[in-house]
Every structure is written in C-alpha cells, then in structure tokens.
Amino acid sequence: MNSPRPCWSVLLTKAQEEVSRLQLALQGLRERMQSLQASRERLLGLHRDYLRPPQAGDVSTGMLETLNRRQFADQILTLIERVDQDKAQLERAMAQMRQRLLVAERERLKMQSLLEQDVERVKSSSAKREQRQLDEIGTVRFNLGSGA
C-alpha cells in the first residue's frame, strides 16, 4: 500500500464536524443561560422596586394601589421561580451536552490516532520496500562484481 486508507481521514473529518456542532450547541446554551440570568436580575430589580415602601414626599398610595403593588410583586416572584426552573433545566441540558462533547472529542482523538497510525504504517511499509529494493540492487551488484 502506497497511501493511507481514506476511511480514516473521512472518519476524522466526520468526528471533527460532530465536535464543532456540539461546541456550537453548547455555546448556544451558554448564551441562553446568560439571557436567563439577565432576566432574573431584571425581575429581582423590579421586585425590589415594587416592595420598597413609599419615600417621604411621595404621593400617598391608597389601599387598593398598595394591594396591586403587592400582587404584582408576587407575580414577579412567580416569574423569578420560573426563570430559576428554566435555569436548572438548562444546567442539566448543558451537563448532558458537555458529556456528549467529551465523548465526541474522545472519538475524534481516536480517529486522529488511527489515521496517524495508518500513515506511520504506510511510511514503514514504504521504507521496508525501499530497503528491500536497495538490498536487491546491492546483491545484484555484488554478484556481478564477483562473477567478473
């Protein structure tokens, strides 16, 4: 054999594409996590604002408005809980994605190693063939020199 088998380079390319695809997916999950964290921070700010007692000099709020503010603050807390649930679910998905990425990276390294081994085998085989040819030429020259 004069060249490495093409199957290893094809399999390596496929493994590299899978690793890249999983890395992009994981990056998308990270961006989603940042978005959820930003949403959580905004909701916490809103919640603090609605729970803050009126400042001196503010127009006195009636009982109904105070009740509405508290209900709205409770709704914000419900939204914060929902964001926390989404974050927990996203963290699980990220952990699974990292695991899949690890497996894909191992597979990529395996294919790369197999390709390198095949290239080395071809080089070794070629070197042995060349050495055999040189030995044959040397033997023929020696025999021609001895016979004359």
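Since this is a predicted model, take the numbers as computed values, not measurements. (Residues numbered from 1 in each chain as written. Predicted model: local features only at pLDDT ≥ 70, side-chain atom pairs only at ≥ 80, totals over all residues. Heavy atoms only, no water.)

1. Things to note about the environment of alanine 15
Okay, step 1: Mapped onto the fold, alanine 15 is located in helix H1 (residues 6-51).
Okay, step 2: According to the relative accessible area criterion, alanine 15 is buried, its value standing at 8%.
Okay, step 3: In sequence terms alanine 15 and alanine 95 are 80 residues apart; their C-alpha atoms lie 20 Å from each other.
Okay, step 4: Not counting the four nearest positions on each side in its chain, alanine 15 is found in contact with Glu107, Arg108 and Met111. (Helix = DSSP H or I, 4+ residues; strand = E, 2+ residues; numbered from the N terminus. Buried < 20%, exposed > 50% of the residue type's maximum accessible area, 1.4 Å probe, protein only. Contact = heavy atoms within 4.5 Å.)

2. A closer look at the environment of glutamate 91
Okay, step 1: Take glutamate 91: it is sitting in helix H2 (residues 63-147).
Okay, step 2: Separated by 62 residues in sequence, glutamate 91 and leucine 29 have C-alpha atoms that sit 8.7 Å apart.

3. Points about the side chain of aspartate 86
Okay, step 1: Structurally, aspartate 86 is set in helix H2.
Okay, step 2: Overall, aspartate 86 belongs to the buried group, its relative accessible area being 18%.
Okay, step 3: Contacts of aspartate 86, omitting those with residues within four sequence positions, involve Arg32 and Leu36.

4. Quick look at the nonpolar core
Okay, step 1: One finds Leu90 and Met94 to be the most contacted residues of the largest nonpolar core, which totals 15 residues.
Okay, step 2: At the level of elements, H1 and H2 are the ones that each hand at least two residues to this core.
Okay, step 3: Residues in contact with leucine 90, not counting those within four places in the same chain, are Leu29, Arg32, Met33 and Leu36.
Okay, step 4: Listed in part, the five residues of the second largest apolar core include Trp8, Leu12, Met111 and Leu115. (Core = buried A, V, L, I, M, F, W, Y, C linked by side-chain atoms within 4.5 Å.)

5. Focus on the pattern of salt bridges
Okay, step 1: Scanning the entire structure with this criterion turns up seven salt bridges.
Okay, step 2: Across the pair aspartate 84 and arginine 40 runs a salt bridge, and its minimum N-O distance is 2.5 Å. Linking aspartate 84 in helix H2 with arginine 40 in helix H1, this pair joins segments that are 44 residues apart in sequence.
Okay, step 3: Note on aspartate 84: relative accessible area 30%, which makes it partly exposed.
Okay, step 4: The salt bridge partner of arginine 82 is aspartate 86, with a shortest N-O separation of 3.4 Å. Of this pair, arginine 82 and aspartate 86 both sit in helix H2, separated by four residues, roughly a single helical turn.
Okay, step 5: Through salt bridges with shared partners, one network takes in Arg5, Asp118 and Arg121. (Salt bridge = Lys/Arg side-chain N within 4 Å of Asp/Glu carboxyl O.)

6. What about the side chain of lysine 87?
Okay, step 1: Along the polypeptide, lysine 87 turns up in helix H2.
Okay, step 2: Among buried charged residues, lysine 87 stands out as having no salt bridge; its nearest opposite-charge side chain is aspartate 84, 4.9 Å away.
Okay, step 3: In this structure lysine 87 touches Met33, Leu36, Gln37 and Arg40, once residues within four positions along its chain are discounted. (Lys, Arg positive; Asp, Glu negative; His and termini not counted.)

What is shown is where atoms sit, not what they do.
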